[in-house]
Amino acid sequence: MSASSEMQTLYRYLLTIIRIFNSDVPGLASRNRYCRKTLSSTRAKAAVPRLSSGRMMALLLTVAGYLAISVAFPCRVSAAGGLEKPGLPSIGSGLYELYIFTDYFCGPCQALEEELDSTLQELIKRNAVKIHFVDLPIHRETVLFNRYFLYAACASGSSRNVLRARRELFSLAEHQDTVDEQKIVRRFEQRNIPFKVYDLKPVYPEFNRIIRQFNVHSTPTCVIKFNPADIRSYSGVSRIRQGMAVLLAATAASK
């Protein structure tokens, strides 16, 4: 992140804090568990309030904490393929795009996963579809699993390793009653799945944007973008099977 961007971020952050101190009950809005809580818009100008010594100390500590986090975790993501920007985990290439919305602890997602995995491998071979993965944190544990999927996608240089990481996480979610971080790390190490720990803060806004763009509320859901004017959404196991059949037929015709 550039110095200018850092200053703009800090400025917005300070305005947020000022509004908090100016308002007794600030309005909060949250669309899903990935979304950051943001202050509701207001027409009133932000003015520096007269703060008590206690509030002034809290304000200074908050700003100091922000600066410390900014230094420790620079907002830059090295995605798979060497891209220096936040983004969705993606594999494959081609004219079509496929967005897969799942939750590792969703029963229908687990039932569909093996079948979907073989379809994705076939689509990658045809080199006609770019595939994006978006985890919806419907279950509490999914946040941890999504974190390690992103770590693996960042470190992996191949579609094969990204799919392997996905399979292992689904397996853990399906067969373990309780899964902690160490179990995920051990499984990745045992299966020789590379992963790279990095700052995920810039990635989540992109997740939120895609979820809102396609108006996704449930898992499993797949969205196929044949072109900007032809975008089709499929929810549920049976409808996703139909969608995958349509996509396979379209990619076979385009070979």
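Keep in mind the model is a prediction, meaning the values are calculated, not measured.

Asks: What am I meant to see in the sheet that holds strand E9 (residues 230–235) here?
Replies: One open sheet holds the five strands; their spatial order is E5-E7-E6-E8-E9, and the pairing between them is mixed. Sheet topology places strand E5 (90–93) and E9 at the edges, where each strand pairs with a single neighbour. Strand-to-strand twist of the sheet, defined as the mean angle between neighbouring strand axes without regard to direction, takes the value 15°. Of the strand pairs in this sheet, strand E6 (residues 96–102) and strand E7 (residues 129–135) are connected by seven bridges, and their pairing is parallel. Across the sheet, the residue bridging to Leu-98 is Ile-131, located in E7. Against the sheet, helix H5 (residues 159–175) touches E5, E6 and E7, its axis set at about 140° to E5. The sheet strands contacting helix H7 (residues 204–213) are E6 and E7, and the helix crosses E7 at an angle near 105°.

Asks: It is not clear to me how the packing of helix H4 (residues 142–155) against helix H6 (residues 181–190) should be interpreted in this structure. Could you clarify?
Replies: Working note: a packed helix pair is described by the angle between its axes plus the distance between those axes. For the pair H4 and H6, interaxial distance at closest approach is 10 Å and the crossing angle is 30°. Regarding the angle of H4 to H6, the classification is roughly parallel. At the point where H4 passes H6, the crossing takes the right-handed sense. Residue-level contacts link Leu-144, Phe-145, Arg-147, Tyr-148 and Ala-152 of H4 to Glu-181, Ile-184, Val-185 and Phe-188 of H6.

Asks: I would appreciate a short explanation of the packing of aromatic side chains in the present structure.
Replies: Two aromatic rings, taken as a pair, are described by how far apart their centres are and by the angle between their planes. According to the stated counting rule, one finds 13 aromatic pairs in the structure shown. Note on Phe-101 and Phe-214: the rings are 6.5 Å apart at their centroids and 70° apart in plane angle, and the pair reads as edge-to-face. Residue Phe-101 is found in strand E6, and its partner Phe-214 is found in the loop between H7 and strand E8 (221–227); the two are separated by 113 residues along the sequence. In this structure Phe-101 comes out as buried when scored by relative accessible area, which is 0%. Ring geometry for Tyr-204 and Phe-207: centres 6.3 Å apart, planes at 85°, overall edge-to-face. You can see Tyr-204 and its partner Phe-207 sitting in helix H7, three residues apart, about one turn around the helix. Accessibility classification places Tyr-204 together with Phe-207 in one group, the buried group. By the ring-pair criterion, three or more aromatic residues cluster together here, those being Tyr-148, Tyr-151, Phe-188, Phe-195 and Tyr-198.

Asks: Hey, could you run me through H6 in this one?
Replies: Since the α-helix advances by 3.6 residues per turn, residues separated by three or four positions end up pointing in the same direction. When H6 is considered as a whole, its buried residues turn out to be Ile-184, Val-185, Arg-187 and Phe-188. Buried residues of H6 fall within an arc of 165° about the axis and therefore sit on the same side. Turned more than 90 degrees away from the buried face of H6, the exposed residues are Glu-189 and Gln-190. Buried residues belonging to H6 abut H4 and H5. A distance of 3.2 Å separates the backbone nitrogen of Gln-182 from a side-chain oxygen at the start of H6, and that oxygen is part of Asp-180. Following H6 by one or two positions, Asn-192 adopts a phi angle in the positive range, close to 55°.

Asks: I tried to follow the nonpolar core on my own but got confused; where do I start?
Replies: Here is a general trend for soluble globular proteins: nonpolar side chains tend to be buried in one another's company. Ranked by internal contacts, the top residues of the largest apolar core, which has 59 residues, are Leu-98, Phe-101, Leu-120, Ile-131, Phe-133, Phe-145 and Ile-184. Take this core: its biggest share by element is eight residues, from H4. When sequence neighbours within four positions are dropped, the list of residues in contact with Ile-184 reads Leu-144, Phe-145, Tyr-148, Leu-169, Leu-172 and Val-179.

Asks: Sorry if this is basic, but what is going on with the pattern of salt bridges here?
Replies: As a working rule, side chains carrying opposite charge can pair if their charged atoms are close by. For the structure shown, the criterion picks out ten salt bridges. Between Arg-241 and Glu-115 there is a salt bridge, and its shortest N-O distance comes to 3.0 Å. Taken together, the residues span a long stretch of sequence, with Arg-241 in helix H8 (residues 237–254) and Glu-115 in helix H3 (residues 107–126) at a distance of 126 residues. We classify Glu-115 as partly exposed; its relative accessible area is 34%. If you follow the salt bridges from partner to partner, you end up with Glu-168, Arg-187 and Arg-191 in one network.

Asks: Would you mind showing me how to read the side chain of Glu-168 here?
Replies: Relative to the helices and strands, Glu-168 resides in helix H5. Under the relative-accessibility criterion, Glu-168 is labelled buried at 15%. Side-chain polar atoms of Glu-168 contact the side chain of Arg-187, separated by 2.8 Å. For Glu-168, the side chain forms a polar contact with the side chain of Arg-191, separated by 3.4 Å. Apart from the residues lying within four places of it in its own chain, the contact partners of Glu-168 are Arg-187, Phe-188, Arg-191 and Ile-193.

What counts, and at which threshold
Residues numbered from 1 in each chain as written. Predicted model: local features only at pLDDT ≥ 70, side-chain atom pairs only at ≥ 80, totals over all residues. Heavy atoms only, no water. Pairing = 2+ DSSP bridges. Helix = DSSP H or I, 4+ residues; strand = E, 2+ residues; numbered from the N terminus. Axes fitted to C-alpha atoms, helices over the stretch in contact; angles between N-to-C directions. Contact = heavy atoms within 4.5 Å. Parallel < 35°, antiparallel > 145°, perpendicular 65-115°, else oblique. Left-handed = near helix turned anticlockwise from the far one by under 90°. Phe/Tyr/Trp six-rings, centres within 6.5 Å; stacked < 30°, edge-to-face > 60°. Buried < 20%, exposed > 50% of the residue type's maximum accessible area, 1.4 Å probe, protein only. Arc of directions from axis to C-beta. Polar contact = N/O pair within 3.5 Å; in protein donor to acceptor, adjacent residues only side chain to side chain. Core = buried A, V, L, I, M, F, W, Y, C linked by side-chain atoms within 4.5 Å. Salt bridge = Lys/Arg side-chain N within 4 Å of Asp/Glu carboxyl O.

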